[in-house]
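Examination of the molecular architecture
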Amino acid sequence: MLTMQEIKNHYYFTDTDAELLKELYPLAQSKSDAMVEDFYTYLLKIPETAAFLREPKDLARLKKTHAEWFLSLFCGHYDNEYMLTLQSIGQAHVRIKVSAHYVNAAMNVVRRFLIEMLQANFPDIAVRRKYRIAVEKILDINLDIMSTSYQEEELRRVFVSH
Ligand code: HEM
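First things first, this report covers the structure right here in the doc.

Calculation notes
Residues numbered from 1 in each chain as written. Predicted model: local features only at pLDDT ≥ 70, side-chain atom pairs only at ≥ 80, totals over all residues. Heavy atoms only, no water. Axes fitted to C-alpha atoms, helices over the stretch in contact; angles between N-to-C directions. Helix = DSSP H or I, 4+ residues; strand = E, 2+ residues; numbered from the N terminus. Parallel < 35°, antiparallel > 145°, perpendicular 65-115°, else oblique. Contact = heavy atoms within 4.5 Å. Nonpolar A, V, L, I, M, F, W, Y, C, P; charged D, E, K, R; others polar. Salt bridge = Lys/Arg side-chain N within 4 Å of Asp/Glu carboxyl O. Buried < 20%, exposed > 50% of the residue type's maximum accessible area, 1.4 Å probe, protein only. Donors = N, O, S within 2.8 Å, 3.2 Å for Na, K, Ca; no water. Tetrahedral: all angles 85-135°; square planar, octahedral: opposite > 155°, others 65-115°.

Running from N to C, helix α2 (residues 15–45) and helix α7 (residues 125–160) point in directions that differ by 100 degrees, and their axes come no closer than 9 Å. Taken together, the axis directions place α2 and α7 in an arrangement best described as roughly perpendicular. Each of Asp 17, Leu 20, Leu 21, Glu 23 and Leu 24 in α2 lies in contact with α7, whose residues at this interface are Lys 130, Tyr 131, Ala 134, Val 135, Lys 137 and Ile 138. Among the residues making up the contact of α2 with α7, the classes are represented as 7 nonpolar, no polar and 4 charged.

Here we come to the pattern of salt bridges. A complete count under the given rule lists 6 salt bridges for this structure. Residues Lys 63 and Glu 37 are paired through a salt bridge, measuring 3.4 Å at the closest nitrogen-oxygen approach. With Lys 63 in helix α4 (residues 56–72) and Glu 37 in helix α2, this residue pair connects regions lying 26 residues apart in the sequence. For Lys 63, a relative accessible area of 25% corresponds to the partly exposed category. Looking at Glu 37, the relative accessible area reads 43%, which means it is partly exposed. Here the residues in one salt-bridge network are Arg 111, Arg 132, Glu 136 and Asp 140, joined through shared partners.

Protein-derived coordination of the iron atom of the ligand comes from His 66 (NE2) and His 93 (NE2), at a distance range of 2.0 to 2.2 Å. Of note is the iron atom of the ligand, whose 6 donor atoms meet at the metal with angles of 82 to 178 degrees in an arrangement that counts as octahedral. Linking His 66 in helix α4 with His 93 in helix α5 (residues 80–96), this pair joins segments that are 27 residues apart in sequence. Take His 93: its relative accessible area is 17%, and that puts it in the buried class.

Below, the structure is given as structure tokens:
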């Protein structure tokens, strides 16, 4: 099993990237309600994902959960504990049987939201580029770790069926 340091190395994720993400925290915080609105508008439009979001009281709780995850992208420290949290987030989706496809597609919604956020707030191309690269790395790392839960579940099923 890889450590968080190894994963970061494989994505060329540096301390500078961590600093850049931390600098974005206040901006991301000011946009987190808008991000969650986009995220849920998207999930509620697809019958397969909307089916997981039926109860209005659960919806408020879940929106908070997804907003907290969004802000954690900008926490500035990405250690083994961060990795374990992402593994358990992946496992939560495997457990309730959200298809990996929708997790990937939802990540694309977050990616687009963030690229547009950077576009609107950083007119200088060189500055925007360094933030965008750090954002892309942390999103890919998140997806990588969450996807591992799906791959492990797949392996378990193959193993059990033989
Ligand atoms: C739970 C993040 C995609 C539905 C969670 C939790 C987090 C999270 C942090 C809390 C996990 C825990 O309690 O340990 C994400 C991220 C996604 C994503 C980062 C992709 C970018 C989706 C999609 C759906 C979904 C596509 C489909 C509707 C849910 C539900 C729960 C949940 C229903 C509650 C699970 C439970 O009750 O145990 N998600 N999520 N999520 N997510 Fe997501």
